[in-house]
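Inside the fold
Residue strings, one per chain:
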Amino acid sequence: MSLSSMFSSFFPVVHADAPEDKEVKEEPAQEEAQEEPQEEEEEEEPEDVLPGIQEACEQSAKCAPLLTHFQHCEEKVNAGEGYKGEDCVEEFYHLMHCVNGCVAPKLFSQLK
C-alpha cells in the first residue's frame, strides 16, 4: 500500500479541473424573500457589555500600572527608541491577563 493510497482512503480526493455543477433555481430566491420579513420581526441582539467592562478593568487600581507600562512601551517602540525588533507583546500579555481576570466574574454575572 502506497502512502498516497493510504491517505486517499481517509481523505476524499479533489481535482482542481473537475467541472462544477452550477444549477440556478428560482425557488430558493423566493424563499429568501419570504424570510426577510421574519428577520425584521426578530429581537435585536443585546449590546455587548464586554468592551465597557474591559475598559473599566484597565482603569482599575490593579491593572492601571500594567496599562501605563504597556503604553510607555508602545510610545518607546513607535518612536524608534527600543532595540531592534522590540515589541510590546509581553507587556500586552500581562495587561490582558490582569484585565481578563478582572472581567470574568463581572461578565458572567451579567450574562443571561
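Let me begin by describing the structure that accompanies this report. (Residues numbered from 1 in each chain as written. Predicted model: local features only at pLDDT ≥ 70, side-chain atom pairs only at ≥ 80, totals over all residues. Heavy atoms only, no water.)

Here we look at the overall build of the chain
Quick reminder of the rule: Helix and strand definitions here come from DSSP, where helices need a minimum of 4 consecutive H or I residues and strands a minimum of 2 consecutive E residues; each element is numbered from the N-terminal end. Working rule for contacts: check all heavy atoms of both residues, and any pair within 4.5 Å makes them a contact. Using a 1.4 Å probe, accessible areas were evaluated by the Shrake-Rupley method; residue-level cover was limited to the displayed protein chains.
Secondary structure summary: the chain contains 5 helices and 0 strands in total. Taking as baseline every contact in the chain between residues at least 6 positions apart, the subset at least 24 positions apart corresponds to 62%. A total of about 10200 Å² of accessible surface is found on the chain, and carbon and sulfur atoms cover 53% of it.

What about the nonpolar core?
Note the cut-off: Each nonpolar core is a collection of buried residues, namely Ala, Val, Leu, Ile, Met, Phe, Trp, Tyr and Cys, held together in the definition by side-chain atoms within 4.5 Å. Burial status follows relative accessibility: with a 1.4 Å probe on protein chains alone, a residue under 20% of its type maximum counts as buried, one over 50% as exposed, and anything between as partly exposed.
Formed by 13 residues in total, the largest nonpolar core has its most connected members in Ile 53, Cys 57, Leu 95, Val 99 and Val 103. Contributions of two or more residues to this core are made by α3 (50–58), α4 (64–78) and α5 (89–110). Considering each element in turn, this core owes the most residues, 6 residues, to α5. For Leu 95, the residues in contact, after removing those within four places along its chain, are Cys 63, Leu 66, Leu 67 and Phe 70.

Section: the state of the cysteines
Between two cysteines, a covalent bond joining their sulfur atoms is known as a disulfide. To be explicit about the condition: Note on terminology: disulfide denotes any pair of cysteine sulfur atoms within 2.5 Å.
The full count for this structure, using the stated rule, is 3 disulfides. Linked covalently through their sulfurs, Cys 63 and Cys 98 form a disulfide whose S-S length is 1.9 Å. Judged by the torsion about the S-S bond (-90 degrees), the Cys 63/Cys 98 disulfide is left-handed. On the criterion of sequence distance, the pair formed by Cys 63 in the loop between α3 and α4 and Cys 98 in helix α5 is long-range, its members being 35 residues apart. Note on cysteine connectivity: Cys 73 is disulfide-linked to Cys 88, with sulfurs 2.1 Å apart. An S-S torsion of about -95 degrees defines the bridge between Cys 73 and Cys 88 as left-handed. Of this pair, Cys 73 sits in helix α4 while Cys 88 sits in the loop between α4 and α5; the two residues are 15 residues apart in sequence, bridging distant segments of the chain. Judged by relative accessible area, which is 5%, Cys 73 ranks as buried.

Some words on the side chain of Glu 91
So the rule is basically this: Think of it this way: Lys and Arg go in the positive column, Asp and Glu in the negative one, and His and the chain ends go nowhere. By definition here, a salt bridge exists when the distance from a side-chain nitrogen of Lys or Arg to a carboxyl oxygen of Asp or Glu is within 4 Å.
Within the element layout of this structure, Glu 91 appears in helix α5. An unpaired buried charge is present at Glu 91: no salt bridge exists, and Lys 76, the closest side chain of opposite charge, is 6.6 Å distant. Those residues within four positions of Glu 91 in sequence are excluded, and the remaining contacts are His 69, Phe 70 and Cys 73.

Side note on α4
Here is the rule we go by: Multiply 1.5 Å by the residue count of a helix minus one, and that product is the helix's expected span. Here, the arc refers to the directions that run from the helix axis to the C-beta atoms.
The end-to-end C-alpha distance of α4 is 21 Å, a good match for the 21 Å that 15 residues give at a rise of 1.5 Å each. Within α4, the full set of buried residues consists of Leu 67, Phe 70 and Cys 73. Projected down its long axis, α4 shows its buried positions confined to an angular sector of 125 degrees, all on one face. α4 presents Pro 65 and Glu 75 as exposed residues on the side facing more than 90 degrees away from its buried surface. Looking at the buried residues of α4, the elements they touch are α3 and α5. Downstream of α4 by a residue or two, Gly 80 has a phi angle that is positive, lying close to 80 degrees.

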